[in-house]
Amino acid sequence: MAVTTSPERDIVATPMQRATREALYAGAIALGLFVLFIGLRTDQNISNELILVQRWWLLAVVVVLTMAGRFLYVAYGQPFLANQKIVDVATGLLPESMATRFFRLPYFIAAIVIVAVLAFLAGSLDGLLGPGLAGYARFLRALAIIYALASVMFYFRTFIHAHFSALGITALALYPIIVVLVLALYGGSVAAGFQGSLKWVDNYGIQILIYVMLAWGLNIVVGLAGLLDLGYVAFYAVGAYAYALLGTQYGLSFWILLPAAGAMAAFWGVLLGFPVLRLRGDYLAIVTLAFGEIIRLVLINWREVTNGSAGITGIPKVTFFGLMTFNVSDPNYIAKVLDIATSSAYYKIFLYYLILGLCLLTAFVTIRLRRMPVGRAWEALREDEIACRSLGINTTTTKLTAFATGAMFGGFAGSFFAARQGFVSPESFIFLESAIILAIVVLGGMGSLVGIAVAAMVMIGGTEVLRELDFLKQVFGPDFTPELYRMLLFGMAMVIVMLWKPRGFVGSREPTAFLKERRAVSGSFTKEGHG
Amino acid sequence: MSDASPSVNDAILQVEHLSMKFGGLVAIGDLSFQARRGEITALIGPNGAGKTTVFNCITGFYKPSEGMLTLNRRDGSSYLLERLPNHEIPARAKVARTFQNIRLFSGMTLLENLLVAQHNKLMKASGYTILGLFGFSGYRTASAESIDLARHWLEKADLVDRADDPAGDLPYGAQRRLEIARAMCTGPELLCLDEPAAGLNPKESMALNALLMDIKDNTGTSILLIEHDMAVVMQISDHVVVLEYGRKISDGSPHAVRTDPRVIAAYLGVEDEDVETVLIEVGDEDVIEQLDTGPDATHGPGSSSSYFAGPVTDTVGHSEGERVTVSKGASKAGQVDARSGAARPASPAEAKPEKPSAAKSSTAKPAAKAPAKPKTPGDSNRGGGNE
Ligand SMILES: Nc1ncnc2c1ncn2[C@@H]1O[C@H](COP(=O)(O)OP(=O)(O)OP(=O)(O)O)[C@@H](O)[C@H]1O
Ligand SMILES: [Mg+2]
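The model shown is predicted, which means the values in this text are computed figures rather than measured ones.

A look at the coordination of the magnesium ion (ligand 2)
Residues and elements named next belong to chain B. For the magnesium ion (ligand 2), the protein coordination sphere consists of T52 (OG1) and Q100 (OE1), at 1.8 to 2.1 Å. Here Q100 lies in the loop between β7 (95–97) and α3 (110–116) and T52 lies in helix α1 (residues 51–58), a separation of 48 residues in the sequence. Here T52 and Q100 have matching classes, each one buried.

This is the structure in structure tokens:
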């Protein structure tokens with residue numbers, strides 16, 4: 001199905017003709033690709049027999065959508081993008097950028113109005129529109145809020161760009177407070193605010209920050225030292241089980257076990273590091289992948305210790321530095337000590353700040369290490385290992401320190417994870433987790449802390465958002481679960497980002513020292529490393 | 001590993017009976033020469049002569065099949081380079097090198113490149129990272145000093161204006177100078193430069209000469225130089241060693257080497273008819289076959305090129321496409337020997353009884369001229385094992 005068009009024909013054909021032709025090709029390719037995936041489905045009938053379900057309608061819809069998409073892109077999208085680059089003869093200016101056209105004051109006001117009206121009607125939406133339409137209305141409201149926020153950010157973009165890290169940290173530090181305040185105002189009481197904040201702080205805040213921390217840890221190994229590690233989740237598992245086992249068996253406190261878990265993961269990092277150091281590129285990737293699987297299989301099969309796939313339950317909660325606890329039954333339960341209303345939100349908010357602190361620690365250490373000889377040696381190793389050896393750098397120990405440091409942060413994150421869940425099982429440490437963490441590092445731009453944080457927010461936050469899209473059930477039927485499509489969306493997002501920014505969100509590299517001025521190094525010069 | 005050297009001599013580097021084989025290919029065969037302290041020693045020879053391989057042996061990227069490489073440091077300690085691990089050669093024996101195909105950290109700035117070169121010093125100053133992480137002042141002063149040293153070498157290399165640009169952004173000539181500056185930042189006693197003038201225009205070449213002379217005069221660093229550009233070689237080197245097909249064919253002052261007919265032949269070649277006649281005369285006896293004993297597992301390329309580490313070619317770049325299949329009578333210098341028919345010693349430094357394999361391997365040497373030489377395969381191993 002090779003699409004071979006001679007250049008002459010391209011010149012002669014009008015955009016419309018070309019678009020029609022390409023749409024037909026795209027449709028044919030889509031048909032060929034999806035006829036077995038979507039057109040047919042294997043299923044079981046009542047008597048447990050395997051049957052083929054035919055879904056030609058769905059196939060037709062997908063093919064037609066593909067054709068329409070291709071047609072619109074070739075007929076309108078491509079000329080439009082080409083026009084964006086052409087200077088207006090009269091004014092000598094480039095046309096307004098897409099973004100400035102998209103974010104305009106009237107639209108902003110409209111979005112605000114929509115939000116206000118829908119928020120005012122919040123309680124009575126179901127009654128007014130019926131449950132189906134109400135779902136759409138809520139979705140519209142979410143979109144309007146996002147648009148309004150994006151407009152504000154766009155308006156202040158230069159300021160935000162200049163102070164990104166400071167603003168980001170402030171925003172993260174204030175996030176739970178803002179959530180509680182907004183929800184309290186909305187719900188009319190402080191208790192409602194705390195109750196409503198659970199989802200936002202836990203599912204979004206903590207979840208995203210765990211991945212930020214993991215990705216920052218992996219960034220040391222992959223982004224800085226250029227060692228492709230596909231088994232990073234193993235260190236996460238080591239940290240989680242270290243806390244789970246020692247916490248339940250010996251009742252040790254989180255504050256002792258956190259460093260212990262980090263040390264243990266680092267130890268395993270060194271153990272793994274020794275044999276694999278001589279490997280490069282693909283071999284290293286495969287062995288680390290295998291290591292991740294080995295750890296998981298050990299966790300499943302070593303029943304006496306790990307309780308197998310049933311996992312470990314009843315992992316003790318983190319205490320407030322030993323002063324207060326978050327167990328309602330304890331005498332020094334936080335609500336009793338501070339004399340406030342009982343709520344499970346305190347623990348979540350506390351955990352949020354804990355993981356935020358751990359993330360900041362990771363970032364601080366990474367930034368600090370990059371300016372130290374060892375960090376520079378990591379990056380030099382990524383750039384050219386041979387040259388490193390010719391300068392007297394012991395590449396073995398340098399790689400080992402990268403492995404151990406990365407693993408240590410994985411271990412920290414793991415013990416936090418165990419404390420937050422109260423339950424660990426091998427299921428949480430599958431290869432997919434490693435792949436997601438690696439994807440975040442690559443999407444964010446290898447080596448860039450800010451880029452990786454943004455990537456984690458987009459990818460993990462994005463997949464969490466899917467859970468909110470309940471109204472889609474009205475479109476696709478009640479057994480449609482949007483969460484199941486998260487890997488598909490994840491993959492699509494990766495493809496799009498890699499096409500649009502092959503080096504990730506932040507492709508450039510901050511130099512670690514400078515004589516006159518600090519200038520970012522363009523991504524086209526840096527290497528990904530191959531060992 | 002610092003053996004007590006017999007005498008602290010003025011030779012900074014002594015290469016004795018160095019051989020390097022890649023499977024059946026003898027890249028270097030029984031090479032001996034000295035580089036004297038404070039001098040610029042040039043290593044020249046046609047493409048594929050094995051010059052880069054000599055460098056790779058000296059700097060530990062290859063483990064020589066045979067031979068001994070002794071480095072005598074200024075403080076009197078000496079090191080057997082073939083026994084040191086790769087990264088300890090720059091760190092302890094103070095040998096720095098550059099590469100034929102430039103190997104800079106292209107995504108790092110010029111300054112960072114030079115700071116990476118001072119890794120070991122800074123590592124110590126930072127208490128192996130731990131003290132530095134907590135901002136101890138010792139590290140801060142060491143760090144400031146390292147930046148000063150980097151600035152010093154950037155100035156010498158005329159690159160200080162571009163200190164904060166990525167190294168990959170530099171023009172070719174500047175990258176060569178930066179690589180030299182980076183090597184100098186390790187504080188070497190012996191600096192090995194692999195074709196530093198390759199691809200430079202005459203002006204850059206002049207600047208390079210000035211830089212090398214400056215290094216030699218002001219730092220006391222001895223230089224070992226591979227160079228094809230004869231103008232550079234003749235102008236700056238004190239001593240020249242000529243290689244052809246892995247064997248030394250001449251050794252001496254630039255002037256002596258330039259007028260050596262063997263060298264001229266090696267570079268210009270002898271006419272094809274002569275080759276024919278020479279081969280007939282010699283009776284086509286091939287000594288190299290004795291050395292070609294197939295892949296040698298124990299003496300193969302060093303640990304860096306183990307199975308896991310990927311092919312050697314991947315480990316250290318060398319000029320591709322010049323696979324020398326040492327064919328019978330390929331050595332032009334050997335043909336000169338044969339043609340002249342005179343009992344010319346292979347080179348001043350090689351006493352005849354000491355160098356049977358070298359003499360043998362001057363392939364086309366008339367059999368009558370080497371009657372006393374035993375031709376047993378075991379002979380070629382007498383350079384002494386390196387393991
Ligand atoms: N790792 C290796 N494996 C196999 N053969 C090698 C290897 N390294 C070098 N050789 C061979 O050894 C011979 C000498 O190569 P070397 O690179 O040392 O030549 P050179 O004198 O530096 O040449 P040039 O002037 O082109 O740089 C060549 O035939 C080369 O193919
Ligand atoms: Mg070479």
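That covers the picture; the talk isn't over yet.
Things to note about the interface of chain A and chain B
Across the boundary between the two partners, chain A contributes 37 residues, which contact 50 residues of chain B. Together chain A and chain B conceal approximately 3900 Å² of surface at their shared face, both sides included; 62% is due to carbon and sulfur atoms. Sorting the residues of chain A by area buried against chain B places A:R389, A:L391 and A:L515 first, and these three jointly supply 18% of that buried surface. Connecting chain A to chain B are two salt bridges. Put simply, B:E112 and A:R509 hold a salt bridge, and the shortest N to O gap is 2.7 Å. On inspection of chain A and its partner chain B, the count reaches nine residue pairs in polar contact (both at pLDDT 80 or more). Of all the elements in the fold, those that place two or more residues in the side of chain A that touches chain B are α15 (345–370), α16 (373–383) and α17 (385–390) of chain A. When grouped by side-chain class, the residues that make up the side of chain A that touches chain B number 18 nonpolar, five polar and 14 charged.

Observations regarding a nonpolar patch on the surface
The grouping of A:L174, A:I177, A:I178, A:L181, A:V182 and A:Y353 at the surface amounts to a nonpolar patch, some 520 Å² of accessible area in total. With respect to the element layout, A:L174 can be found in helix α8 (residues 164–187).

Here we look at the nonpolar core
Soluble globular proteins: nonpolar side chains tend toward being buried together. Within the largest apolar cluster, 101 residues are counted, with the highest numbers of intra-cluster contacts made by A:I355, A:V424, A:F429 and A:I440. Among the elements that take part in this core, helix α9 (residues 190–224) of chain A stands out by supplying 17 residues, more than any other. In this view, A:F429 contacts A:V233, A:Y236, A:A237, A:A240, A:Y241, A:R296, A:L299 and A:F417; residues no more than four positions away in its chain are not counted. The next biggest cluster of nonpolar side chains, apart from the first, holds 50 residues, and it includes B:F105, B:A117, B:A163 and B:L212.

Things to note about the pattern of salt bridges
Residue and element names in this part refer to chain A. Inspection of every chain in the model, using the stated rule, returns 23 salt bridges over all chains. Across the pair R296 and E293 runs a salt bridge, and its minimum N-O distance is 2.9 Å. Of the two residues, R296 and E293 both sit in helix α12 (residues 281–301), three residues apart, roughly one turn of that helix. We classify E293 as partly exposed; its relative accessible area is 21%. For R370, the salt bridge goes to E379, with nearest N and O atoms at 2.9 Å. Residue classification places E379 among the buried positions, given a relative accessible area of 1%.

Regarding the domain arrangement of chain B
Residue and element names in this part refer to chain B. Taken as a whole, chain B is organised into domain 1 (1–94 + 187–258), domain 2 (105–186) and domain 3 (261–314 + 322–340). Put simply, the middle of domain 1 and the middle of domain 2, counted by C-alpha atoms, are 25 Å apart. Each partner contributes residues to the interface: domain 1 has 21 residues there, and domain 2 has 12 residues. Both faces considered, domain 1 and domain 2 share a buried interface measuring about 1300 Å² in area, 67% of it formed by carbon and sulfur atoms.

A few points about the packing of α9(A) against α16(A)
Residues and elements named next belong to chain A. Axis separation between α9 and α16 bottoms out at 8 Å; the angle between their running directions is 45 degrees. Here α9 is positioned oblique relative to α16, judged by the angle of their axes. From α9, I220, G223 and L224 reach across to α16, where they touch W378, E379 and R382. Here the residues of the contact of α9 with α16 are counted per class, giving three nonpolar, one polar and two charged.

With respect to unusual backbone geometry
Residue and element names in this part refer to chain A. Although it is not a glycine, N48 sits at a positive phi angle of roughly 60 degrees. Residue position: N48 is located in the loop between β1 (40–44) and β2 (50–54). The residue N307 is not glycine, and still its phi comes out positive at about 65 degrees. Take N307: it is sitting in the loop between α13 (303–306) and β3 (312–313).

With respect to the sheet that holds strand β8 (residues 190–194) of chain B
Residue and element names in this part refer to chain B. As summarised here, the arrangement of the six strands in space is β7-β8-β9-β4-β10-β11, forming an open sheet in which the pairing is mixed. The sheet is open, and its two edges are formed by β7 and β11 (247–252), each paired on a single side. Along the sheet, successive strands turn relative to each other by an average axial angle of 15 degrees, direction set aside. In the sheet, β7 pairs with β8 via three bridges, with the strands oriented parallel. Note that in β8 the partner of R97 across the bridge is C192. Contacts between helix α7 (residues 172–184) and the sheet are confined to β7 and β8, with β8 contributing the most and set at about 160 degrees to the helix.

Things to note about the pairing of strand β9 (residues 222–226) of chain B
Residues and elements named next belong to chain B. Most of β9 sits out of view: five of its five residues are buried. Pairing between strand β4 (residues 40–44) and β9: four bridges, direction parallel. By the bridge assignment, T41 is partnered in β9 with L224. Strand direction decides the pairing type here: β8 and β9, joined by five bridges, are parallel. Its bridge partner lying in β9, D194 is registered against I226. One crossover worth recording links β8 to the parallel β9 by way of helix α8 (residues 202–219), and it is right-handed.

Things to note about helix α2 (residues 15–34) of chain A
Over its 20 residues, α2(A) extends 27 Å from the first C-alpha to the last, a length consistent with the 28 Å expected when each residue adds 1.5 Å. Inspection of α2(A) places A:A19, A:R21, A:A23, A:A26, A:G27 and A:A30 among the buried residues, and these make up the whole buried set.

Structural notes on the state of the cysteines
The final tally for this structure, using the stated rule, is zero disulfides over all chains. For the unlinked cysteine B:C185, the closest cysteine sulfur is that of A:C388, found at 15 Å.

Overview of the pairing of β2(A)
Residue and element names in this part refer to chain A. Burial runs low along β2: only zero of the five residues are buried. With five bridges joining them, β1 and β2 adopt antiparallel strand pairing. By the bridge assignment, R41 is partnered in β2 with V53. Linking two consecutive strands that pair antiparallel, namely β1 and β2, is a turn of five residues; a positive phi of about 60 degrees is found at N48 within it.

Structural notes on the side chain of B:R73
Residues and elements named next belong to chain B. When you line up the elements, R73 lands in the loop between β5 (66–72) and β6 (78–80). Since its relative accessible area comes to 16%, R73 is described here as buried. Within the structure, the side chain of R73 is placed 2.8 Å from the backbone oxygen of R92, a separation counted as a polar contact. Not counting residues up to four positions away in its chain, the partners in contact with R73 are R37, Y79, R92, A93, K94 and E189.

Let's talk about the side chain of B:T70
All names here are of chain B. Among the structural elements, T70 can be located in strand β5. According to the relative accessible area criterion, T70 is buried, its value standing at 11%. Not counting residues up to four positions away in its chain, the partners in contact with T70 are I12, L13, Q14, E16, S78, Y79 and L80.

So, the environment of A:V74
Residues and elements named next belong to chain A. Its location among the elements puts V74 in helix α3 (residues 56–84). Sequence separation between V74 and N394 is 320 residues, and the spatial gap between their C-alpha atoms is 54 Å. Dropping the residues within four chain positions of it, V74 is found in contact with P15, R18, A19, E22 and P79.

The rules behind these values
Residues numbered from 1 in each chain as written. Chains lettered and ligands numbered in written order. Predicted model: local features only at pLDDT ≥ 70, side-chain atom pairs only at ≥ 80, totals over all residues. Heavy atoms only, no water. Donors = N, O, S within 2.8 Å, 3.2 Å for Na, K, Ca; no water. Helix = DSSP H or I, 4+ residues; strand = E, 2+ residues; numbered from the N terminus. Buried < 20%, exposed > 50% of the residue type's maximum accessible area, 1.4 Å probe, protein only. Contact = heavy atoms within 4.5 Å. Buried area = accessible area lost by both parts, 1.4 Å probe. Salt bridge = Lys/Arg side-chain N within 4 Å of Asp/Glu carboxyl O. Polar contact = N/O pair within 3.5 Å; in protein donor to acceptor, adjacent residues only side chain to side chain. Nonpolar A, V, L, I, M, F, W, Y, C, P; charged D, E, K, R; others polar. Patch = residues over 30% accessible without salt bridge, like charges linked within 9 Å, V, L, I, M, F, W, Y side chains within 5 Å. Areas by Shrake-Rupley, 256 points an atom, 1.4 Å probe, with all protein chains shown as cover. Core = buried A, V, L, I, M, F, W, Y, C linked by side-chain atoms within 4.5 Å. Domains from an automatic or database assignment. Axes fitted to C-alpha atoms, helices over the stretch in contact; angles between N-to-C directions. Parallel < 35°, antiparallel > 145°, perpendicular 65-115°, else oblique. Pairing = 2+ DSSP bridges. Right-handed = clockwise from strand over helix to strand, strands pointing away. Expected span 1.5 Å × (residues − 1). Disulfide = S-S within 2.5 Å.

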